Amino acid sequence: QVQLVESGGGLVQAGGSLRLSCAASGRTFSRNAMGWFRQAPEKEREFVAAISWSGGYTVYSDSVKGRFTISRDNAKNTVYLQMNSLKPEDSAVYYCAAEGTTVQRRPATSVSEYDYWGQGTQVTVSS
């Protein structure tokens, strides 16, 4: 059974930091691009960041660029999202996802390109 399990969410004040982790089990994703998405209440799920299988290519949404950093440790089958300078508008459920394809290409930013999803972890930023 393939599982992606996120952790590290919580409540933080504006300007603070959190580090999210996503541990994969059931299979290795070392050849798959991985991504982070988020969904706030009554809003669509939106792209946050993605990383290629090697970690050599990363892409970010404009809203988090310069504040968030995505990384991965293939030996641990884990991907991370370091979130700094958090803002109240960053509050959402954050989801980890893995692309279904192992074709080596620029990481996708669309929800539809990701086949495996975690259950999400809540991030709340107070003002």
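What you are looking at is a predicted structure, and each value in this text was computed from that prediction instead of being measured. For every chain, the first residue of the written sequence is number 1, and numbering continues from 1 onward in sequence order. Whole-chain, interface and lining totals are the exception, using all residues; otherwise, since this is a predicted model, local features are given only for residues with pLDDT of at least 70 and side-chain atom pairs are given and counted only at 80 or more. Hydrogens and water are ignored here; the side-chain numbers use all heavy atoms of the structure.

Draft legend 1. Structural context of the pattern of salt bridges. Take a side-chain nitrogen of Lys or Arg and a carboxyl oxygen of Asp or Glu: if they are within 4 Å of each other, that pair is a salt bridge. Under the counting rule described, the total for this entry stands at 6 salt bridges. Between R38 and D90 there is a salt bridge whose closest N-O contact spans 2.9 Å. Here R38, found in strand β4 (residues 34-39), pairs with D90, found in the loop between β8 (78-83) and β9 (92-99); they are 52 residues apart in sequence, far enough to count as distant. When accessible area is computed with a 1.4 Å probe and restricted to protein chains, residues below 20% of their type maximum are described as buried, those above 50% as exposed, and intermediate ones as partly exposed. Given a relative accessible area of 5%, R38 falls into the buried group. Judged by relative accessible area, D90 falls into the buried class, the value being 1%. Linked through salt bridges whose partners overlap, the residues forming this network are R38, E46, R67 and D90. Going along the chain from the N terminus, every DSSP run of H or I of four or more residues is numbered as a helix, and every run of E of two or more is numbered as a strand.

Draft legend 2. Quick look at the pairing of strand β7 (residues 68-73). Alternating positions in β7 separate cleanly, F68, I70 and R72 being buried on one face and T69, S71 and D73 remaining unburied on the opposite face. Two strands pair under a simple rule: DSSP has to find at least two bridges between them. Here β7 pairs with β8 via 6 bridges, running antiparallel. Looking across to β8, one finds that T69 is bridged to Q82. In textbook terms, the turn of a hairpin is the stretch between consecutive antiparallel strands, and for β7 and β8 this stretch comprises 4 residues, one of which, N77, has a positive phi near 55°.

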